[in-house]
Amino acid sequence: MRILITGGAGFIGSYLSEAYIERGEEVWAIDDLSTGSLDNIAPLLQHPRFHFVNDTILNREVLLELTGTCDVIVHLAAAVGVRLIIEEPLKSIHTNVVGTELVLEMANKFRKKTFIASTSEVYGRNSKVPLNEDDQRIYGSTVLARWSYAATKAMDEFLALAYYRTKQLPVIITRFFNTVGPRQTGRYGMVIPRFVGQALRNDPITVFGDGSQTRTFTYVGDVVKGIIALIDEPQAVGEIFNIGGEEEITIDNLASRVKAVTGSSSRIEHIPYSEAYQEGFEDMERRVPDITKIRRLVAYRNTCDVDAILAKVVEFERTRYLSSATMSWGNTTLRITWARSTGESMSISQGASSAAAHGKAKSRRCSWSSATFQAAGSSTSAAETGSSCGRWILSGGNGSALNVRRRP
Ligand SMILES: NC(=O)c1ccc[n+]([C@@H]2O[C@H](COP(=O)([O-])OP(=O)(O)OC[C@H]3O[C@@H](n4cnc5c(N)ncnc54)[C@H](O)[C@@H]3O)[C@@H](O)[C@H]2O)c1
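Residues numbered from 1 in each chain as written. Predicted model: local features only at pLDDT ≥ 70, side-chain atom pairs only at ≥ 80, totals over all residues.

Draft legend 1. Inspection of the overall build of the protein chain at higher detail. Assigned secondary structure in the protein chain consists of twelve helices and 20 strands. A buried classification covers 42% of the 408 residues belonging to the protein chain. If you take every contact in the protein chain between residues at least 6 apart in sequence, the share linking residues at least 24 apart comes to 79%. (Helix = DSSP H or I, 4+ residues; strand = E, 2+ residues; numbered from the N terminus. Buried ≥ 20, exposed ≤ 12 C-beta atoms within 10 Å, placed from the backbone. Contact = placed C-beta atoms within 7 Å.)

Put into structure tokens, the structure is as follows:
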């Protein structure tokens, strides 16, 4: 079988690609790498049954060709994360609505089964426990950009159901509740990688709001099994399913557990929503899924509790932070350029001497930023703001080697 995965270089998309390759299928992944990354699919890139297309789903010709040659479409590509939605509302709305409509139009042209990724955000401010698929959606004002993500995903659901009802296109809709695991990035507000990164750097762990709000977390490996099982199940067509965890935990408790698991000296700091996002920002107090429906139809099971998930994420982030690089070094000035930017310590050393590092990346997105590092004579250690992930790219200077080590 040939599977087309939109957003295939993203967090969930990369695990799904791996699972389908393992099962012996052929995978075509399209991704514009806006929030996804080649690092996520690095082990797959050489695989003969994996094909990566670096393009946007908004490219009609490319989508037409890919849809025509694949048997099933898994549509995961979307503008994701509250921060991104607030910072880039126009682009996000366009991707989530126009992009999904194009995917459905192409799917319908070739009559291909299509899986649509939706979100628990569609329930909006409804804090009923647990939430089932037929529950009310309660949204705040359109003045608050955060609600546009929920609204665009709800529109995707309406569109998919309209294609199913009027054109009999086989669609399956799934609402993911917080799905987590190694590889997820904290750059756009995802809470677990953000807390773990802060804890590993011994920075304050920043809890937005008073920390009493609760969430559940699902391991990405379980979610991927759920997606595949639903796609294989003919009775899933035309239906909406929640997928989510069952252990409800306050964000304050989550912060404490992250601190404990990492052995961090970070303090836990509370930041008002108005400062973290925007004036008037609204959040849900509780968000717990009712997963009876998916359980009745397929063998869906949550295999990891929060502590098991945290252990996996911490192990992954530790390895990521501990990469190192060498470069040649001339007089005393060194230019270091890095990708991405949410703050990280690093040290620079050359034999007995070390350098103080200063500089801040200019943008929260993946754009390039740089800073100049001056050698500080001998033996003092150096630490400053750097990047949270991605590669260090070093340039400038000639002469002896310099070690640059990324540290938690
Ligand atoms: N992870 C979660 O907790 C969660 C919760 C609810 C819903 N979802 C949904 O699951 C899906 C996957 O999310 P994820 O967590 O893997 O996030 P992700 O950001 O890692 O994945 C989205 C992928 O889509 C790609 N993309 C964005 N715009 C694109 C475009 N125009 N063309 C091609 N590719 C594009 C991104 O580069 C990224 O790789 C999304 O639809 C998201 O809304 C995720």
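Draft legend 2. Examining the site of the ligand more closely. Around the ligand, the surrounding shell holds 29 residues, and the nearest of these are Gly7, Gly10, Thr35, Gly36 and Ala78. Among the elements of the structure, α1 (11-22), β2 (26-31), α5 (89-110) and β5 (113-119) are those that each provide at least two residues to the shell around the ligand. At three residues, α1 tops the list of elements feeding residues into the shell around the ligand. Split by residue class, the shell around the ligand holds 14 nonpolar, 13 polar and two charged. (Near = placed C-beta within 6 Å. Nonpolar A, V, L, I, M, F, W, Y, C, P; charged D, E, K, R; others polar.)

Draft legend 3. Representation of the nonpolar core in the model. In terms of nonpolar packing, the biggest core is built from 88 residues, with Val74 and Phe195 touching the most fellow members. Not counting chain neighbours up to four residues away, the residues in contact with Val74 comprise Ile3, Ile5, Leu16, Phe115 and Ile227. (Core = buried A, V, L, I, M, F, W, Y, C linked by C-beta atoms within 7 Å.)

Draft legend 4. Local environment of the packing of α1 against helix α8 (residues 220-232). Packing of α1 against α8 brings their axes to within 9 Å, and their N-to-C directions diverge by 60°. When the axes of α1 and α8 are compared, the crossing they make is right-handed. Between α1 and α8, the contacting residues are Phe11, Ile12, Tyr15, Leu16 and Ala19 on the first element and Val220, Gly221, Val223, Val224, Ile227 and Ile228 on the second. (Axes fitted to C-alpha atoms, helices over the stretch in contact; angles between N-to-C directions. Left-handed = near helix turned anticlockwise from the far one by under 90°.)

This is a description of form; function is not addressed.
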